[in-house]
Amino acid sequence: MSDDYYKTLGVDKTASSSEIKKAYRKLALKYHPDKTKGDKALETKFKGISEAYAVLSDTEKRKQFDTYGSENFQQRYSQEDIFKNSNMGDILREFGFGGGGSTGGFSNIFGGGFGGGRGFSSMGGMGGGCQRNAPPPKGQDLEHEIPLSLDEIMTGASKQLNISQGGSVKTISVKIPKGLIKGKKIRLTGKGQQSPYGGANGDLYIKSNPIQPIGYELDGNDIFTKKEIKLTESILGTKVDVTTPLGKTISLNIPAGTRHKAKMRLAGLGIPYMKGNKTGDLFVIVYINMPKKLSKEQKNLVEKLVQTGL
């Protein structure tokens with residue numbers, strides 16, 4: 001059926017109960033099997049709008065749908081649960097459908113009939129079949145943002161977290177995998193809120209909040225750092241020592257003619273990815289330290305360089 005019951009009925013998420021009922025009455029009159037003469041596509045359409053109305057006309061089911069979304073809602077409610085206590089039978093009888101002996105193709109489509117406004121029979125449901133007992137709705141999922149140093153992001157870490165669950169604060173141990181960069185998260189099954197309906201606990205999602213490292217900037221799995229060199233070094237070339245985030249010192253060759261803000265790549269020295277063996281890179285941004293004031297000797301030398309055409 002439709003992923004969005006509101007779109008199925010053509011109403012806004014803020015629609016009132018009367019607006020939802022009015023939209024269903026209009027569509028049901030148009031797509032009811034007694035009107036569509038066995039057209040399977042239109043029968044499917046009728047199933048969809050009936051399911052949408054059964055959910056949105058029920059305060060608790062609508063609340064669950066708005067809270068958990070289509071996918072999780074479908075996991076929590078069987079078809080029989082969806083149509084339980086629905087008043088669609090009453091509405092359709094107003095059109096002369098579904099009541100007394102005029103159930104017609106309607107009963108065949110749903111594998112059962114509407115009984116006195118109570119919804120489907122125990123063998124009913126969208127498309128018939130045996131009764132299916134859905135588990136009680138699970139508890140609400142939680143999100144927790146955790147500060148991580150660059151070293152912890154690169155190598156992983158173990159953390160102790162205090163979370164509120166079931167009205168009490170609990171301490172849990174969390175293993176942070178390497179590569180948990182900003183925007184990524186891990187799931188701890190069953191560590192979320194308890195279900196008020198006796199179902200399984202929700203899940204806890206841990207999100208990374210990287211602590212800004214001194215001397216480095218992060219961009220996904222890549223790391224950037226700056227290195228200053230002299231004007232003469234940029235012209236003639238030089239070697240500089242670069243300290244990696246894990247404390248290793250590397251000698252980096254700066255070729256002659258290197259320009260200001262040139263980007264030098266050190267492959268594989270960035271942040272590992274959470275999955276697979278791939279690793280980001282370390283980039284060194286070269287800054288040329290331009291002198292603001294020259295000594296008399298330096299100025300004379302530069303003027304001689306001008307005469308050489310440099």
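Use the structure listed above.
Quick caveat: nothing in here was measured; it's all calculated off a predicted structure. Position labels on residues start from 1 in each chain and follow its written sequence. Given that the model is predicted, a residue must reach a pLDDT of at least 70 before its local features are reported, and side-chain atom pairs must reach 80 or more before they are shown or counted; all residues, however, enter totals for whole chains, interfaces and linings. Excluded from the side-chain calculations are hydrogens and water; all other atoms, namely the structure's heavy atoms, are used.

Where do I start with the environment of Ile-254 in this structure?
For Ile-254, the location among the structural elements is in strand 9 (residues 249-254). Buried, partly exposed and exposed residues are distinguished by accessible area as a fraction of the type maximum, computed with a 1.4 Å probe on protein chains only: under 20%, between the cut-offs, and over 50%, respectively. Taking the relative accessible area as the measure of exposure, Ile-254 reaches 1% and is therefore buried. Separated by 19 residues in sequence, Ile-254 and Ile-235 have C-alpha atoms that sit 9.8 Å apart. Other than its neighbours up to four places away in sequence, Ile-254 contacts Ile-229, Gly-237, Thr-238, Val-240, Met-264 and Val-286. A run of H or I in DSSP becomes a helix once it reaches four residues, and a run of E becomes a strand once it reaches two; helices and strands are each numbered from the N terminus. By definition in these notes, contact holds between two residues if any of their heavy atoms fall within 4.5 Å.

Sorry if this is basic, but what is going on with helix 11 (residues 296-307) here?
One less than the number of residues in a helix, times 1.5 Å, gives the span that helix is expected to have. The terminal C-alpha atoms of helix 11 lie 17 Å apart, and with 12 residues this matches the ideal 16 Å at 1.5 Å per residue to within 8%. Two residues or fewer after helix 11 comes Gly-309, characterised by a positive phi angle close to 90 degrees.

I tried to follow the packing of aromatic side chains on my own but got confused; where do I start?
Within a pair of aromatic rings, the relevant descriptors are the distance that separates the centres and the angle that separates the planes. Each Phe, Tyr or Trp ring, with Trp reduced to its six-membered ring, pairs with another whose centre is within 6.5 Å; inter-plane angles below 30 degrees give stacked pairs, above 60 give edge-to-face pairs, and intermediate values give tilted ones. Scanning all chains against the criterion turns up 4 aromatic pairs. Judged by centre distance (6.1 Å) and plane angle (45 degrees), the rings of Tyr-6 and Phe-65 are tilted. Of this pair, Tyr-6 sits in helix 1 (residues 5-9) while Phe-65 sits in helix 5 (residues 59-76), placing them 59 residues apart in sequence. Exposure remark for Tyr-6: the relative accessible area of 2% places this residue in the buried category. Residue Phe-65 is classed as buried on the basis of its relative accessible area, which comes to 7%. Ring centres 4.5 Å apart and planes at 10 degrees place the aromatic pair Tyr-24 and Tyr-53 in the stacked group. A residue pair is termed long-range when its members are at least 10 positions apart, and Tyr-24 in helix 2 (residues 17-31) and Tyr-53 in helix 4 (residues 40-56) qualify at 29 residues. Comparing Tyr-24 with Tyr-53 shows no difference in burial state: the two are buried. Ring-pair connections join several aromatic residues into one group, and the members of that group are Tyr-5, Tyr-6 and Phe-65. The side chain of Lys-185 reaches across the aromatic face of Tyr-205, ending 5.1 Å from its centre. Lysine and arginine charges are scored as sitting over a ring when NZ or CZ, respectively, is within 6 Å of the ring centre and within 35 degrees of the ring normal.

What's the story with the sheet that holds strand 11 (residues 282-289) in this structure? I'm lost.
Two strands form a pair only when DSSP identifies at least two bridges running between them. Across the sheet, 4 strands lie side by side as 6-7-11-10; this open sheet has mixed pairing. Two strands bound the open sheet, and with one partner strand each, they are strand 6 (217-219) and strand 10 (262-266). Averaged over neighbouring strand pairs, the angle between their axes works out to 35 degrees when direction is ignored. Pairing geometry for strand 10 and strand 11, over 5 bridges, is antiparallel. When the sheet's bridge partners are listed, Ala-262 is paired in strand 11 with Val-286. For helices, the fitted line uses only the C-alpha atoms of the stretch in contact; every axis is such a line through C-alpha atoms, and the angle between N-to-C directions lies from 0 to 180 degrees.

Looking at this structure, I do not really get the environment of Val-242. What am I missing?
Looking at the element boundaries, Val-242 is found in strand 8 (residues 238-243). Judged by its relative accessible area of 4%, Val-242 falls in the buried class. Along the backbone, Val-242 and Lys-227 are 15 residues apart, and their C-alpha atoms lie at a distance of 8.0 Å. Ignoring sequence-local partners within four residues, the contact set of Val-242 consists of Lys-248, Thr-249, Ile-250, Leu-252, Leu-266, Leu-282 and Val-284.

Teacher, can you tell me more about the pattern of salt bridges here?
When charged atoms on two side chains of opposite charge get close, those side chains can pair. Here, a salt bridge means any side-chain nitrogen of Lys or Arg that lies within 4 Å of a carboxyl oxygen of Asp or Glu. Applying the stated rule across the entire model yields 7 salt bridges. Lys-185 is paired through a salt bridge with Glu-143; the nearest N and O atoms lie 3.4 Å apart. Of this pair, Lys-185 sits in strand 4 (residues 185-188) while Glu-143 sits in strand 1 (residues 142-148), placing them 42 residues apart in sequence. Judged by its relative accessible area of 43%, Lys-185 falls in the partly exposed class. For the salt bridge of Glu-152 with Lys-159, the shortest nitrogen-to-oxygen distance reads 2.9 Å. Connected through shared salt-bridge partners, Lys-138, Asp-141, Arg-187 and Asp-203 make up one network.

Taken by themselves, the reported measurements are silent on function.
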